[in-house]
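This is what each chain is made of:
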Amino acid sequence: MRRGRWLTLLAAAILATGLGYLAFEARVAREFEALDASSPERILARPWTLRAGDRVDPRRVIDHLERVGYRSVSGGTPQAGEFSARGRDLLVGRRTLRFGALVDPGVRARVRFRSSSRSSSRSNARISSIRDADGNDMAHLLLDPEVIGTSLGERSRDRVPVRLDEVPEHLLDALLTVEDRRFYEHGALDPRRIAGAALSNLRQRRVAEGGSTITQQLARTLFLSTDRTVLRKLREAAIAVALERRFSKQRLLEAYVNHIYLGQRRGTAIHGFGRAAQFYFGRDISELTLGQSAMLVGIVRGPSVYSPHRHPERARARRDMVLGQMHAVGRLDDDRRDAALEADPEIRRAPERNFDARWYLDFLRRELAAGDASLELGGGGRTVLSSLAPELQRAAETAVSNGILSMERRRPRLKEQSGPLQAALVALDPRTGDILAMVGGRSYGTSQFNRAVDARRQPGSAFKPVVALAALAPEAEPSFTLASMLRDEPLALDTPAGVWKPANADRAFLGPVKLREALEGSRNVPFARLGLAVGPDRIIETARRLGIGSPLAPYPSLALGASEVTLLELTAAYAVLAAEGRRTRPAAALTVLDRDGTARRTTTAPRESVVSPAEAYLITSALRGVVEHGTGSGVRAAGYRGPLAAKSGTTNDSRDAWFIGYTPELAVGVWVGFDDGTPVGLPGSRAALPILADFMIRVLGPRGGRDFRFPAGVEWIDVEPATGRRAGWGCRGEPELFLAGTAPDAYCGYGPAPWRRRTLSPESPATGDDPRSFRRGRVRVGADGRGGPDAGRRAATSRSRTPDTSRGPSGRPAAVPSPRAPRSP
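Residues numbered from 1 in each chain as written. Predicted model: local features only at pLDDT ≥ 70, side-chain atom pairs only at ≥ 80, totals over all residues. Heavy atoms only, no water.

Asker: Explain the overall build of the protein residue by residue, including any values.
Answerer: Counting its secondary structure elements, the protein contains 23 helices and 30 strands. A burial count over the protein gives 56% of its 825 residues as buried. For the protein, long-range pairs separated by at least 24 residues make up 68% of all intrachain contacts whose partners lie at least 6 apart in sequence. For the protein, the exposed surface amounts to about 35100 Å²; the carbon and sulfur share of it is 52%. (Helix = DSSP H or I, 4+ residues; strand = E, 2+ residues; numbered from the N terminus. Buried < 20%, exposed > 50% of the residue type's maximum accessible area, 1.4 Å probe, protein only. Contact = heavy atoms within 4.5 Å. Areas by Shrake-Rupley, 256 points an atom, 1.4 Å probe, with all protein chains shown as cover.)

Asker: Give a detailed account of the sheet that holds strand E28 (residues 666-673), specifying residues and quantitative values.
Answerer: By way of backbone hydrogen bonds, the strands of a sheet pair with one another, either parallel or antiparallel. Strand order in the open sheet made by the five strands is E17-E16-E28-E27-E26, with antiparallel pairing throughout. The sheet is open, and its two borders are formed by strand E17 (435-439) and strand E26 (645-650), each paired with just one other strand. Shown here is a sheet whose adjacent strand axes are inclined to one another by a mean of 5°, direction ignored. In the sheet, E26 pairs with strand E27 (residues 656-663) via six bridges, with the strands oriented antiparallel. Residue pairing in the sheet places Gly649 in a bridge with Trp658 of E27. Along the sheet, helix H19 (residues 613-629) makes contact with E26 and E27, crossing E26 at roughly 70°. (Pairing = 2+ DSSP bridges. Axes fitted to C-alpha atoms, helices over the stretch in contact; angles between N-to-C directions.)

Asker: Account for the side chain of His309, naming residues and giving values.
Answerer: Positionally, His309 belongs in the loop between helix H9 (290-298) and helix H10 (312-328). On the basis of relative accessibility, which here comes to 14%, the residue His309 falls in the buried class. At 2.8 Å, the side chain of His309 and the backbone oxygen of Arg348 are in polar contact. (Polar contact = N/O pair within 3.5 Å; in protein donor to acceptor, adjacent residues only side chain to side chain.)

Asker: Which residues make up unusual backbone geometry, and what values do they have?
Answerer: Look at the link from Glu477 to Pro478: it is a cis peptide, with omega at 5°. Relative to the assigned elements, Pro478 resides in the loop between helix H14 (464-472) and strand E18 (485-488). For Asp653, which is not glycine, the phi dihedral falls at a positive 60°. The phi torsion at Ser654 lies on the positive side, around 55°, for a residue other than glycine. For Ser654, a relative accessible area of 16% corresponds to the buried category.

Asker: Outline helix H7 (residues 249-259), supporting the account with residue identities and numerical values.
Answerer: In terms of residue burial, H7 counts as a mostly covered element, since eight of its 11 residues are buried. For H7, the set of buried residues is Lys249, Leu252, Leu253, Ala255, Tyr256, Val257, Asn258 and His259.

Asker: An account of the packing of helix H3 (residues 169-179) against H9 is requested, with residue identities and associated values reported.
Answerer: Packing of H3 against H9 brings their axes to within 9 Å, and their N-to-C directions diverge by 35°. Helix-helix and strand crossings are classified by hand; for H3 and H9 the assignment is right-handed. When H3 is examined against H9, the residues His170, Leu171, Ala174, Leu175, Val178 and Glu179 are found in contact with a partner set consisting of Leu290, Ser293 and Val297. (Left-handed = near helix turned anticlockwise from the far one by under 90°.)

Asker: Explain the environment of Leu682 to me, using residue names and the numbers behind them.
Answerer: Relative to the elements of secondary structure, Leu682 occurs in the loop between E28 and helix H21 (684-687). In sequence terms Leu682 and Met407 are 275 residues apart; their C-alpha atoms lie 9.3 Å from each other. Once residues lying within four places of it in the same chain are set aside, the contact partners of Leu682 are Met407, Arg410, Arg411, Thr650, Ser654, Ala657 and Ala687.

Asker: Could you give an account of the sheet that holds strand E8 (residues 107-114), with specific residues and numbers?
Answerer: Taken together, the five strands give an open sheet; going across it, the order is E3-E4-E5-E8-E9, and neighbouring strands pair in mixed fashion. At either end of the open sheet lies a strand with only one pairing partner, and these are strand E3 (71-72) and strand E9 (126-132). Where strand E4 (residues 82-86) meets strand E5 (residues 89-94), five bridges bridge the pair, whose relative direction is antiparallel. Bridge assignment links Glu82 to a residue of E5, and that residue is Gly93.

Asker: So what's going on with the nonpolar core? Which residues, and what values?
Answerer: Among the nonpolar cores identified, the biggest contains 88 residues, and Tyr360, Leu515, Phe527, Leu530, Ile548 and Tyr662 are the most heavily contacted of them. At 10 residues, helix H18 (residues 567-578) tops the list of elements feeding residues into this core. Every residue in contact with Phe527, bar those within four places of it in the chain, is listed here: Lys464, Val467, Ala468, Leu515, Ala518, Leu519, Ala559 and Leu560. Within the second largest apolar cluster, 54 residues are counted, among which are Val297, Tyr306, Ala315 and Val322. (Core = buried A, V, L, I, M, F, W, Y, C linked by side-chain atoms within 4.5 Å.)

See the structure below:
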């Protein structure tokens, strides 16, 4: 009976042990699958695709290639990760690009440039053709996007997963030769190698050789520490056995290739040959040479000791050792070994990113999580194609930094406040809503608060274009035009909070002024009257159509920008005007690619027409006047001569300074102020404007970009400037822009003068030109974006204008009532 009991207990123990091991094996398999599926998520900058016909400065392309780690070569055919500039041609060895599981194979391309017929300047160059190595035309050439962010997951391991069939055969040969020659012959452990390593170590009286198989090394890398203890070795062996029982040799070898530790970069561990190939050689793993593969295999034993960056000679010695072993076992012939020994391994350091887009990255992550919780970034191996344009981001950060430092140098008291002076900038593509650049403050390291997105501040006069748009709508009642006369006279209004008395910044009154003049000169009192006539409800409705979502109080002061908004939403509202009345929600993420390459679109908001192109152009025309001879004329003084529509904004006591401007391809907003509301003491035209001007010059150059399109449905009509009536016989006329059919019927003088009417259509050769630029002797900006100052002369019939509030009383006669004379609120 006793013997039977012992046998029963033994059987139970064996069964329990077996069941326990099976449970252990299952747990190891589950964790292995999870660890193998986990990989970093990369956020890439806006992809740059070159196409024939594009206007591109070759220097920009070269700068981009250098920033993403390409090397310039003078002779021969550029290999992967190299380029060569030869006259009009740029030869590029474009590397293989990986977007998750999607792979765009490397290509050798010849990009040919030709200069514009009007100029020999390289900045006006166009791409005439793109051809591959065989001379075949290519539809486009996608350049390597810059990596702007990485989410490593919980284990903080940076790796680029690759499939085994993408790994060069010579790398696998080198790996198996050095690390485990009998990998396909033994199980989890190799007794023969263990015994051989033990004998070798005894002879040399030190640990000179390891006996671990590839599977054991994989188990250690994934599950264990590097402590050299008996217990750790036993656990390593047990895990290796479990892995060998559950997975094929090919799967384990692929996992080893993707997970083995191969170095360190600023506190982040480099794992896997896919990432190491990029880190040490600036190449995709599929493009490694034999010598480079041998060097990577050589550093497996001690990545810190044999690092190609820190110890290149030691790394070369290890490479030579690997090549020697491969030759000894017959995997290399003499010629291939000798050629690899003589070849330069072309070790490269990964380029350092020279901009800080962390405010943008925070916004992007928040946008993804808000749109779809499953898109929240972690360690799922996704690739995010973002809207960020690195060139614009660098320009934005430089402009903000220079602007803050310049103000503090000129006004030292700004450095003596309770907190530092802050500034924010956001740049959008009006056509798509893409956020191209974002700076949320002075220093992300000091404050992560994003003032471009999360700070609601009063916009002041920067809100006036919204009011003007509400007033100029054809269905508005009462109706207004840019020629409507507004009374710049004292105003007192009883409100529940007391008497409201708006004032102009110069504390002066000019009498009747045209709506255009009130906007160009940023006159508060006329706009307060305009807001009362239009009504706060209509102003709020217009703001909502433009995409402003912040709470707007329906008070009279709304017309002067008393309700708080964010920089992003106000800039997006201006972008609607730049896009000829079409609104698209601002977005940071273009596409999210799952690990398997499945694309998940995140920017699904359609473009919606919320304002007619003609109405939008009325505001654009007035805001161009702001830049030419209004509160935004400092842009011209700063050296930017290209097309631009813009408006400044300043709040009470100069607590907030704004300047927002746009071109057909770019909408930019700048805010300057203190977080606690301490007065800056400078208006938007002196605090925020210089930052925007600096940014525009860096991005578009002094001559700017495309000019605004003159839409159908608007016309220029000569009007008498003192009354806003049509100019007739015997009175002075000045061109003004109207929605077709909305010009006043009443004439000044002795009746109609037919030659005074000037109507421009989209087909007119003068499309885009402002007739007022000829009359007033201002800067003329033509369709090519070029312009020049006029040395200050003004036509004798033109009234003098100066920026901001330096004008005195006008002394003009009051408007004469008529059936269709412009209204005077």
